[in-house]
Amino acid sequence: MTQLDRTAPLTFEPIFMERIWGGRRLESEFGKRLPPGKRIGESWEISDRPEAQSLVRNGPLLGKSLHELWIAHRKEVFGESPKTARESRALPDRFPLLIKLLDARDKLSLQVHPPENVARDLGGEAKTEFWYVAAAEPGAELLVGLREPTSADKFKQALKTEAAAEHVHKIPVKAGDAMFLPSGRFHAIGGGNLLVEIQQNSDTTYRVFDWNRVDEDGQSRELHVNQALQCIDFEDCRPGLVQPEGELLVRNELFEVQKWDLAAARDISPQGEFAIAFCLTGAVHCGGVDLRAGEFFLIPASSAVRQIRPVADGTSILRVTIPR
């Protein structure tokens, strides 16, 4: 990378995903330019998936993919090898996080993501994730964990009678709430939620019930009951919302998320470490780049410009990093 490459944060083109449960709130709340007439449920903001590549939209690296940065400019952009996997210090082939915005106009399917050992057996990818509630309509809920311990056999019987929803634990939520979802945790997002999702770089989901919905062609979405039964933690009951410790919302071996209320300028990370910022409210400025509510940027590890400053009252951000 040249010195010019290091002067400004990197912004990326969002990738919009149409979903049966999606809406238009990413446009009305965050000003996203959504394709007309589509129910957009997800905006993939930081993605290094084979099928969905984030592309740089500013500066000398314009048009380069996140994967290109990870492979060809890893040290300059991401710094010295962070610890990115639970059981291995070897770096993955792709940037290990996937960051999205989710607009759940309607509730999502009851589902689970596989733990690492089960994912290998099933040919999927492990997935642990974190949700931050950016906005929530009155009465919005998250459906997370089980109400009471049960067994795979009893749960399978409940699925046959469409009673699976009676087993899930429901949590009323409002803007500012957060939930951690380790792999194996049974869950769904209730309607009326606008979420920031930070997760492992995985797109493996096993659905067990989709509320009998059909698409425009009258087709139901595929379910994965047998796979899900191997993944659900049937002892995981009544989990609670994240309880912040100061600015820290969650820290594990995969990612760290902090919420900052910005009243003055502040360094986003030490020299040599990258950080991703998401503007929740207000607006921020860094190195010639302005960020408004609903937008992300990545400050490279080698960037000489590390200070972000608020340019509007009531500015707040989420700061995402990978622990070392």
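Residues numbered from 1 in each chain as written. Predicted model: local features only at pLDDT ≥ 70, side-chain atom pairs only at ≥ 80, totals over all residues. Heavy atoms only, no water.

**Notes on helix 5 (residues 152-160)**
Each α-helix turn comprises 3.6 residues. Residues three or four places apart therefore point the same way.
Here comes step 1: Of the positions making up helix 5, those classed as buried are Phe155, Ala158 and Leu159. For helix 5, the angular spread of the buried residues around the axis is 100°, confining them to a single face. Helix 5 presents Asp153, Lys154 and Lys160 as exposed residues on the side facing more than 90 degrees away from its buried surface.
Here comes step 2: The elements touched by buried residues of helix 5 are strand 8 (141-146), strand 13 (206-209) and helix 6 (225-231). (Buried < 20%, exposed > 50% of the residue type's maximum accessible area, 1.4 Å probe, protein only. Helix = DSSP H or I, 4+ residues; strand = E, 2+ residues; numbered from the N terminus. Arc of directions from axis to C-beta. Contact = heavy atoms within 4.5 Å.)

**Observations regarding the pairing of strand 14 (residues 248-251)**
In the case of a regular strand, side chains alternate between the two sheet surfaces.
Here comes step 1: Of the strand pairs in this sheet, strand 14 and strand 15 (residues 256-262) are connected by 3 bridges, and their pairing is antiparallel. Bridging across to strand 15, Leu248 finds its partner in Gln258. (Pairing = 2+ DSSP bridges.)

**Remarks on the environment of Met17**
Here comes step 1: Tracing the chain through its elements places Met17 in strand 1 (residues 15-23).
Here comes step 2: Using a relative accessible area of 16% as the deciding quantity, one classes Met17 as buried.
Here comes step 3: In this structure Met17 touches Arg39, Ile40, Gly41, Glu42, Trp44 and Ala52, once residues within four positions along its chain are discounted.

**A few points about the nonpolar core**
Here comes step 1: Judged by nonpolar contacts, the single largest core of 40 residues is most densely connected at Leu69, Phe78, Phe95, Phe130, Val257 and Ile276.
Here comes step 2: Those residues within four positions of Leu69 in sequence are excluded, and the remaining contacts are Leu10, Phe12, Val56, Leu61, Lys64, Arg74, Val77 and Phe78.
Here comes step 3: By size, the runner-up hydrophobic cluster in this structure holds 21 residues, among which are Leu110, Val118, Leu229 and Phe234. (Core = buried A, V, L, I, M, F, W, Y, C linked by side-chain atoms within 4.5 Å.)

**With respect to the packing of aromatic side chains**
Here comes step 1: A complete count under the given rule lists 10 aromatic pairs for this structure.
Here comes step 2: Geometrically, the ring pair formed by Phe30 and Phe278 is edge-to-face, given 6.0 Å between the ring centres and 85° between the ring planes. Linking Phe30 in helix 1 (residues 25-30) with Phe278 in strand 17 (residues 275-281), this pair joins segments that are 248 residues apart in sequence. The pair Phe30 / Phe278 is uniform in exposure class, with both members buried.
Here comes step 3: On the basis of an interplanar angle of 85° and a centroid distance of 5.2 Å, the ring pair of Phe155 and Phe186 is categorised as edge-to-face. Taken as a pair, Phe155 in helix 5 and Phe186 in the loop between strand 10 (178-181) and strand 11 (187-189) lie far apart in primary sequence, 31 residues in all.
Here comes step 4: Residue class for Phe186 comes out buried when judged on its relative accessible area of 1%.
Here comes step 5: By way of ring pairs, the aromatic residues Trp70, Phe78, Phe95 and Phe274 are connected into one cluster.
Here comes step 6: Taking the ring centre of Trp70 as reference, the NZ or CZ of Arg74 above it sits at 4.2 Å.
Here comes step 7: The aromatic ring of Trp211 is capped on one face by Lys107, whose charged end is 4.0 Å from the ring centroid. (Phe/Tyr/Trp six-rings, centres within 6.5 Å; stacked < 30°, edge-to-face > 60°. Lys NZ or Arg CZ within 6 Å of the ring centre and 35° of its normal.)

**Observations concerning a negative patch on the surface**
Here comes step 1: On the surface, a cluster of negative charge is contributed by Glu18, Asp215, Glu216 and Asp217.
Here comes step 2: Along the chain, the position of Asp215 falls in the loop between strand 13 and helix 6.
Here comes step 3: Judged by its relative accessible area of 35%, Asp215 falls in the partly exposed class. (Patch = residues over 30% accessible without salt bridge, like charges linked within 9 Å, V, L, I, M, F, W, Y side chains within 5 Å. Areas by Shrake-Rupley, 256 points an atom, 1.4 Å probe, with all protein chains shown as cover. Salt bridge = Lys/Arg side-chain N within 4 Å of Asp/Glu carboxyl O. Lys, Arg positive; Asp, Glu negative; His and termini not counted. Charge placed at Lys NZ, Arg CZ, Asp CG, Glu CD.)

**Some words on the pattern of salt bridges**
Here comes step 1: One pass over the full model with this rule turns up 27 salt bridges.
Here comes step 2: When the shortest N-O distance is used, the salt bridge between Lys100 and Glu42 registers 3.4 Å. Here Lys100 is found in strand 5 (residues 97-104), whereas its partner Glu42 is found in strand 2 (residues 40-46), with 58 residues between them in sequence.
Here comes step 3: Classification of Lys100 by relative accessible area gives buried; the value is 3%.
Here comes step 4: The residue Arg49 makes a salt bridge to Glu125 at a minimum N-O spacing of 3.1 Å. With Arg49 in strand 3 (residues 48-49) and Glu125 in the loop between helix 4 (116-122) and strand 7 (129-136), the pair connects residues that are 76 residues apart, well separated along the chain.
Here comes step 5: A cluster of three or more residues bridged by salt bridges with shared partners is formed by Arg19, Glu42, Lys100 and Glu197.

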